[in-house]
Amino acid sequence: MKKPNLSKKSAGRFTTYAIVAAAWAVLEIMLHTGLMSSHMQGLLVPMAYYAIVAVGLNLCVGILGELSLGHAGFMCVGAFSGALFSLLTAGKLPDGLRFFLALVIGVLLSALAGFLIGIPVLRLNGDYLAIVTLAFGEIIKNIINALYLGIDSKGMHVSFESQAALNMEPEGQILINGAMGVTGTPHDSNFTIAIVLLLLSLVIVQNFIDSMDGRAVMSIRDNRIAAESIGIPVTKYKMLAFTVSAAIAGMAGVIFSHNIATLQSTSQYFGYNVSIMILVYVVLGGIGNIRGSVIAAAILYMLPELLRGLNKYRMLIYSIVLIAVMIFNWAPGAIEKRTRFFDRIRKGIRNGAA
Amino acid sequence: MMSFFTSLVNGLSLGSIYAIIALGYTMVYGIAKMLNFAHGDFIMVGCYIIFVFSSSLGLPSIVAILVAVVLCTLLGITTERIAYRPLRNAASPLAVLITAIGVSYFLENMALLIFGADTKSFTSVVPWSGIALFGGELQIQGITIVTIGISLLILAALQIFVHKTREGQAMLAVSQDRGAAMLMGIDVNKTITLTFAIGSALAAIAGALLASAYPSLTPYTGAMPGIKAFVAAVLGGIGSIPGAMIGGLTLGIIEILSRTYISSQLADAIVFGILVAVLIVRPTGILGKNIQEKV
């Protein structure tokens, strides 16, 4: 019998986990020895949840090969469903169990949203898919932003008009107060939990990529017609990858909502600009490179803190780098030049050695 | 009842602006086969140029608009040359879309850096106060009439240009089959450059009208109208010039009516809901042709 040895692929995977764990250890030490400014401390959890969404989005963009601009919408679903569950059960369940269940509910509901949206969206591809996911993200954000939800002894009250239109009993509890959002969600998430969940999402995505399902998804990305002709159920695998990707974004949303005092469904948190920002992380980390997404999200989120003077120019620089990276990596002309350049270097080395 | 007509007229006005933007979108999409995500930001650039030249430097608005049209045209041509053309034959169709998103990001942040995030109030380029109908019950603003008139004029001019001139015929040929057009001796690069020039010039005009009707200017002014104009182009049938007009008007009217009668917060959701519905029921839009995908 052959000894089971670590393949090259899984060795790389463990390097990713090790990098995340090491970063966690360093930051935790800095946190407890007071080496970190309070502003920086506040950035740790967001850094982790944006890394999680980036991992999820990379599954969609890099592995499935479809550009989604609606992942902020899935984050929104996860954030609000998780927050509502925690609000309703506050004081009735122990803290840890409550957050765990909130997480499960947020993930399930955002997976459901991903599944339902995937049905019409995944019939499209390319530019159309990108715009329709953007549209769905905005629809989710706008509907939740206009939603009033309350609970009293008679049950749930829903309105899209105003708080008064809910017709609540005086002792009832307002859950979502329209554009004012959700307040009083227990502050259950912290940096360690967020990192554990980041590792969890990495394990899920990496295992998915290395599995038979993942290879099927990648074959669809590389050539849909060829994949279909060898009997791969295209719709099923596209749905699977898209739903998992949405669920991971929802998980990040639950962390988000349990880390913020007032949860509002505004463009600042859940607009398509957020989806684009995460896309920037994915592209600069390398499309299809999961480790790259985590590193890019962490560095690009933290960078403005380290380079305060550059903060004004940050987005401008990101956009220029984004365009440059795309042209360098994808333009046929650039690829040809690059190959020729490296060939010449290789030849030069060989000649030098001989 | 009069309030309904007022909404309808406002809808027509907004719809005409969407239509002008959508015309640019649909031409670029039809001919260069790419979604120029930055198209909306060209509008914003046009607005800021007019703002600088008319409000700050005190030039007559017509001169400011001409300057904006010229500069936006140059911007469109430059963007296409630097950012989009190298990626035209890229292995992944996502490459050029992501680059376009990068261009959009770049323009927004450039404007943010130069003009700041605060809202600039834009003086209308149309000084005419408008007309009152039915004994003053129905007020139609000058900008509304001018907007609707200009959009019809542009539609007619584009139709004549595309169907009657050699350059327009070349555009049609490239949009139908780029390879065959090349074999017929059509300069594809030149045609695509011309398309970008026209689309960007239209964006500048749309910017002047948009900022006159909704006079608050920020670096993000163009983003949402740009996306909605894409929805309008899809609704009318992407690649079709009359389709863009119909789609734009329909979308503008639906948006204003839902803002008035349903909910101002849900209006955007309704507009995007239409996009989803159209793509499910009739993916080629109202006037689009159904092209079979061949293996």
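Residues numbered from 1 in each chain as written. Chains lettered and ligands numbered in written order. Predicted model: local features only at pLDDT ≥ 70, side-chain atom pairs only at ≥ 80, totals over all residues.

(A) Layout of the overall build of chain B. Tallying secondary structure elements over chain B gives eleven helices and four strands in all. Over its C-alpha atoms chain B spans a radius of gyration of 19 Å, differing by no more than 12% from the 19 Å that the globule rule assigns to 295 residues. In terms of its C-alpha atoms, chain B occupies a principal-axis envelope of roughly 60 × 45 × 35 Å. The buried share of chain B, taken over its 295 residues, is 53%. (Helix = DSSP H or I, 4+ residues; strand = E, 2+ residues; numbered from the N terminus. Rg over C-alpha atoms; globule rule 2.2 N^0.38 Å. Buried ≥ 20, exposed ≤ 12 C-beta atoms within 10 Å, placed from the backbone.)

(B) Looking closely at the overall build of chain A. Helices and strands together make up the secondary structure of chain A, namely 14 helices and five strands. Since a compact globule built from 354 residues should have a radius of gyration of about 20 Å, the 22 Å found for chain A is in line with a globular shape. Its C-alpha atoms put chain A at 90 × 55 × 55 Å along the principal axes. Of all 354 residues assigned to chain A, the portion counted as buried reaches 47%.

(C) Looking closely at the nonpolar core. The biggest cluster of nonpolar side chains holds 216 residues, and the ones touching the most others in it are Ala51, Ile52 and Ala54 of chain A together with Val231 of chain B. Once residues lying within four places of it in the same chain are set aside, the contact partners of Ala54 of chain A are Ile278, Tyr281, Val282, Gly285, Ser293, Val294 and Ala297 of chain A. (Core = buried A, V, L, I, M, F, W, Y, C linked by C-beta atoms within 7 Å. Contact = placed C-beta atoms within 7 Å.)

(D) Structural context of the packing of helix H1 (residues 2-32) of chain B against helix H5 (residues 142-164) of chain B. All names here are of chain B. Close contact between H1 and H5 brings their axes to 9 Å; oriented N to C, the two are set at 35°. H1 and H5 meet at a crossing whose hand is left-handed. Contacts between H1 and H5 pair Val9, Leu12, Ser13, Ser16, Ile17, Ala19, Ile20 and Leu23 from the former with Thr144, Thr147, Ile148, Ser151, Ile154 and Leu158 from the latter. (Axes fitted to C-alpha atoms, helices over the stretch in contact; angles between N-to-C directions. Left-handed = near helix turned anticlockwise from the far one by under 90°.)

(E) Broad picture of the pairing of strand E1 (residues 148-152) of chain A. Residue and element names in this part refer to chain A. With five bridges joining them, E1 and strand E2 (residues 155-159) adopt antiparallel strand pairing. Paired with Gly150 across the two strands is His157, which belongs to E2. Adjacent in sequence and paired antiparallel, E1 and E2 are bridged by two residues. Examined bridge by bridge, E1 and strand E3 (residues 173-177) share four bridges and lie antiparallel to one another. Its bridge partner lying in E3, Tyr148 is registered against Asn177. (Pairing = 2+ DSSP bridges.)

(F) Structural context of the interface of chain A and chain B. Taken residue by residue, the interface counts 37 residues in chain A and 36 residues in chain B. When residues of the side of chain A that touches chain B are traced back to their parent elements, those giving at least two are helix H5 (127-146), helix H11 (272-285), helix H13 (314-330) and helix H14 (332-353) of chain A. When residues in the side of chain A that touches chain B are grouped by element, the largest group, 14 residues, is from H5 of chain A. By residue class, the composition of the side of chain A that touches chain B is 29 nonpolar, five polar and three charged. (Nonpolar A, V, L, I, M, F, W, Y, C, P; charged D, E, K, R; others polar.)

(G) Spotlight on the sheet that holds E3 of chain A. All names here are of chain A. Taken together, the three strands give an open sheet; going across it, the order is E2-E1-E3, and neighbouring strands pair in antiparallel fashion. Strand pairing shows two members of the sheet lacking a second neighbour, E2 and E3, which therefore form its edges. Pairs of neighbouring strands in the sheet enclose a mean axial angle of 15°, with direction left out of account.

(H) Region of the structure containing the environment of Ala297 of chain A. Residues and elements named next belong to chain A. Tracing the chain through its elements places Ala297 in helix H12 (residues 290-306). In this structure Ala297 comes out as buried when scored by C-beta crowding, with 30 C-beta atoms within 10 Å. Sequence spacing of Ala297 and Val234 is 63 residues, and the spatial spacing of their C-alpha atoms is 30 Å. Every residue in contact with Ala297, bar those within four places of it in the chain, is listed here: Tyr50, Ala51, Ala54 and Tyr281.

(I) Inspection of the confidence of the model for chain A at higher detail. For chain A, the average pLDDT comes to 86, and 94% of its residues sit at 70 or higher. Mean pLDDT across the elements of chain A bottoms out in E2 of chain A (81) and peaks in helix H9 (residues 234-257) of chain A (94). (pLDDT = per-residue confidence, 0-100.)

(J) View of the packing of H1 of chain B against helix H8 (residues 188-213) of chain B. Residues and elements named next belong to chain B. The interhelical angle for the contact between H1 and H8, taken along N-to-C directions, is 165°, at an axis separation of 9 Å. Comparing their axes, H8 and H1 come out roughly antiparallel. The handedness of the crossing between H1 and H8 is left-handed. Along the lines of polarity and charge, the residues of the contact of H1 with H8 split into 18 nonpolar, five polar and no charged. (Parallel < 35°, antiparallel > 145°, perpendicular 65-115°, else oblique.)

(K) Fine view of helix H6 (residues 166-176) of chain B. Residue and element names in this part refer to chain B. Turning to H6, its buried residues number three or more, namely Ala170, Met171 and Val174. Each buried residue of H6 lies within a common arc of 105° when the element is viewed along its axis, so the set occupies one face. Summarising the contacts, the buried residues of H6 are in contact with H1, H5, helix H7 (178-183) and H8. (Arc of directions from axis to C-beta.)

(L) Spatial organisation of the environment of Val234 of chain A. Residue and element names in this part refer to chain A. Among the structural elements, Val234 can be located in helix H9. Distance in space between the C-alpha atoms of Val234 and Arg344 is 42 Å, their sequence separation being 110 residues. In contact with Val234, not counting residues within four places along its chain, are Ile220, Arg224, Ala227 and Glu228.

(M) Structural detail: helix H7 (residues 212-222) of chain A. Residue and element names in this part refer to chain A. Taken together, the buried positions of H7 are occupied by Gly214, Ala216, Val217, Ile220 and Arg221. Along the axis of H7, the buried positions cluster into a sector of 160°, meaning they face one direction only. Summarising the geometry of H7, the exposed residues directed more than 90 degrees from the buried face are Met212 and Asp222. Among the structural elements, helix H2 (38-63), helix H6 (191-210), helix H8 (224-229) and H9 are those in contact with the buried residues of H7.

(N) Representation of the environment of Phe134 of chain B within the structure. Mapped onto the elements, Phe134 of chain B comes out in the loop between strand E2 (131-133) and strand E3 (138-140). Between the C-alpha atom of Phe134 of chain B and that of Met2 of chain B, which follows or precedes it by 132 residues, the distance is 9.3 Å.

(O) Expanded view of the confidence of the model for chain B. Residues and elements named next belong to chain B. On average, chain B scores 87 in pLDDT, and the residues at 70 or more come to 98%. Of all the helices and strands in chain B, E2 carries the lowest mean pLDDT, 73, while helix H3 (residues 61-84) carries the highest, 93. For this predicted complex, the interface score ipTM comes out at 0.85, while the overall pTM is 0.87.

(P) View of unusual backbone geometry. Residues and elements named next belong to chain B. For Lys33, which is not a glycine, the phi torsion comes out positive at approximately 55°. Among the secondary structure elements, Lys33 is positioned in the loop between H1 and helix H2 (39-56). For Lys33, a count of 17 C-beta atoms within 10 Å puts it in the partly exposed group.

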